[in-house]
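Structure at a glance
The chain contents come next:
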Amino acid sequence: MNFSEIKPRIYNYLGVKGIQPSPENDELIFSCYTELDQIVQFNYIYKSYAAPPDFLQKQPYTDFLAGTTGVILCATTIGTVIDRRIGRLTRTDLSRAIVLDACASAYLEARADEYEKTIADDLTYRFCPGYNGSSTDDLKHIFRLLRPEKIGITLNKSNFMLPSKSMAGIIGIGKSAEKHCEDCIMQKKCRYREEGKRCYSSEKTL
């Protein structure tokens, strides 16, 4: 993965914490990214359906999947090693922990985006339970059908995934769709929007 391409995503996460571009921060980010790239354990699992499973037969999923020819359930993670490393740094070097955490979040999203391009050409973006008023309880349905435990992801009673740098959601097949802010559940209290940014691209403004 090209560092220059992922760096804007990293700064996007860091901007919410008040960390702005500078030569010193560039150096720290590159150091954290280099470390991260050596210890991540990227895994991705997915399953395709010609028709949406029953739990998707409701809003907002029906709107999201309108015009698609199928649906993918997916889950991805970069493993437990990075969680342990961030945890240790939180106690010894908080600044580096914050930067490494941002690098890990950006890395997970970028690697997932990259992997999904190998699945099919005409796909929507990932829609994860919790978006646009959907319930995180729907993660239980994804876990039941997909069994991401196979790649080391578990779901606790609070619908929190472990390792923490993990994602699970749905992707529409046969329709192109890009992320946007209009129906995001976080819109009214989004710190990115307050700064004139979007969570999915630091290079775009509102």
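Residues numbered from 1 in each chain as written. Predicted model: local features only at pLDDT ≥ 70, side-chain atom pairs only at ≥ 80, totals over all residues. Heavy atoms only, no water.

**Observations regarding the side chain of asparagine 159**
Relative to the helices and strands, asparagine 159 is located in the loop between β4 (154-155) and β5 (161-162). A polar contact is formed between the side chain of asparagine 159 and the side chain of aspartate 137, at a distance of 2.7 Å. Discounting chain neighbours no more than four positions away, the residues touching asparagine 159 are Thr136, Asp137, Leu139 and Lys140. (Helix = DSSP H or I, 4+ residues; strand = E, 2+ residues; numbered from the N terminus. Polar contact = N/O pair within 3.5 Å; in protein donor to acceptor, adjacent residues only side chain to side chain. Contact = heavy atoms within 4.5 Å.)

**Focus on the sheet that holds strand β6 (residues 166-173)**
Strand order in the open sheet formed by three strands is β1-β2-β6, with antiparallel pairing between adjacent strands. If you trace the sheet from one side to the other, it starts and ends with β1 (43-49) and β6, each paired once. Taken pair by pair, the neighbouring strands of this sheet meet at an average axis angle of 15°, ignoring direction. Where β1 meets strand β2 (residues 70-77), seven bridges bridge the pair, whose relative direction is antiparallel. By the bridge assignment, asparagine 43 is partnered in β2 with threonine 77. Strand contacts of helix α5 (residues 94-116): β1, β2 and β6, with the helix running at about 30° to β6, the strand carrying the most contacts. Here helix α6 (residues 139-146) sits on the sheet in contact with β1, β2 and β6, set at roughly 90° to β2. (Pairing = 2+ DSSP bridges. Axes fitted to C-alpha atoms, helices over the stretch in contact; angles between N-to-C directions.)

**A word on the packing of helix α4 (residues 81-92) against α5**
One way to put it is that α4 packs onto α5 with a least axis distance of 7 Å and a crossing angle of 155°. In terms of orientation, α4 and α5 fall into the roughly antiparallel class. The two elements α4 and α5 cross, and the hand of that crossing is left-handed. Counting all contacts with α4, which are made through Ile82, Arg85, Ile86, Leu89, Thr90 and Thr92, the residues of α5 involved are Leu94, Arg96, Ala97, Leu100, Asp101 and Ala104. (Parallel < 35°, antiparallel > 145°, perpendicular 65-115°, else oblique. Left-handed = near helix turned anticlockwise from the far one by under 90°.)

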